[in-house]
Amino acid sequence: MIASRRGRRWLNLAGMASVIGLMGYALYEEHVVGLAACPLCILQRIALIALGLVFAVAALHAPRGAGARVYGVLGALAALTGMGISGWHVRLQNLPPAEVPACGPGYDYIMDTFGWLDGLSMIFTASGECSEVNWQFLGLSMPAWVFVWFVALGALVVTANWSRLPK
């Protein structure tokens, strides 16, 4: 159990700092190392930023009771969305070569040309670029690590915002 509003605030700040660090690393890999983000990577970033915003607002507000639970639910939804996207990405990376779809257009082109609904449908149909594994750490690809982080940060946002505080 979290002992105080200050404890809740610090846990949410830790979550926000983690998200900032993860996004910083993703941008470093993209802009310094040259590892291009595929459409599914961009959607994972959007979910991660949404989770970071929940952490930030929850840290600033640090409410009691039902107000805190709202942040827990919103954070869990963002984390579950991110887990779904990154899980789908890992699935694509583990398809047999014969089943990998052909490469398609980039995220910006898809969204500008086809709109949100058709664009998201196209992204989740996926393209070959999303199946490439061009980064690994301890045997896991970047989307697999993103999945792990979404699980950990989802658990943190629920733990930090769901427990009751003493009156």
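Conventions adopted
- Residues numbered from 1 in each chain as written.
- Predicted model: local features only at pLDDT ≥ 70, side-chain atom pairs only at ≥ 80, totals over all residues.
- Heavy atoms only, no water.
- Helix = DSSP H or I, 4+ residues; strand = E, 2+ residues; numbered from the N terminus.
- Buried < 20%, exposed > 50% of the residue type's maximum accessible area, 1.4 Å probe, protein only.
- Areas by Shrake-Rupley, 256 points an atom, 1.4 Å probe, with all protein chains shown as cover.
- Patch = residues over 30% accessible without salt bridge, like charges linked within 9 Å, V, L, I, M, F, W, Y side chains within 5 Å.
- Salt bridge = Lys/Arg side-chain N within 4 Å of Asp/Glu carboxyl O.
- Core = buried A, V, L, I, M, F, W, Y, C linked by side-chain atoms within 4.5 Å.
- Contact = heavy atoms within 4.5 Å.
- Expected span 1.5 Å × (residues − 1).
- pLDDT = per-residue confidence, 0-100.

1. What about the overall build of the protein?
Scanning the protein for helices and strands turns up five helices and two strands. Going residue by residue from the N terminus, the α and β elements of the protein occur as α-α-α-α-β-β-α. Expressed as a percentage of the 167 residues in the protein, the buried residues total 38%. Of the roughly 9200 Å² of accessible surface on the protein, a fraction of 69% belongs to carbon and sulfur atoms.

2. Some details on a nonpolar patch on the surface
The grouping of Val70, Val73, Leu74, Leu77, Leu80, Val158 and Trp162 at the surface amounts to a nonpolar patch, some 610 Å² of accessible area in total. Among the secondary structure elements, those contributing two or more residues to the nonpolar patch are helix H3 (65–93) and helix H5 (142–162). By residue number, the principal contributor to the nonpolar patch is H3, which donates five residues. Summarising the element assignment, leucine 77 is placed in helix H3.

3. Focus: the nonpolar core
Counting 15 residues, the largest nonpolar core has Val19, Leu48, Leu51, Phe55, Phe150, Leu153 and Val157 as the members making the most contacts within it. When residues of this core are assigned to their parent elements, the largest contribution, six residues, is made by helix H2 (residues 39–61). If we skip the residues at most four places from it in the chain, valine 19 touches Leu48, Gly52, Phe55 and Leu153. Leu40, Leu43, Ile85 and Leu95 belong to the second-largest nonpolar core, a separate cluster that totals seven residues.

4. Describing H2
Between its terminal C-alpha atoms H2 stretches 33 Å, which fits the 33 Å expected from 23 residues at 1.5 Å a residue. Residue alanine 62 follows H2 closely and has a positive phi angle near 45 degrees.

5. Focus on the confidence of the model for the protein
In the predicted model, the protein carries a mean pLDDT of 81, and 74% of its residues have values of at least 70. Looking at the elements of the protein, mean pLDDT is at its lowest for helix H4 (residues 107–125), recorded as 63, and at its highest for H5, recorded as 93.

6. Some remarks on the pattern of salt bridges
Counting across every chain of the model gives one salt bridge. We note a salt bridge from glutamate 30 to arginine 45, for which the minimum N-O separation is 2.5 Å. In this pair, glutamate 30 is assigned in helix H1 (residues 5–33) and arginine 45 in helix H2, connecting sequence segments 15 residues apart. Accessibility expressed as a relative area gives 16% for arginine 45, which makes it buried.

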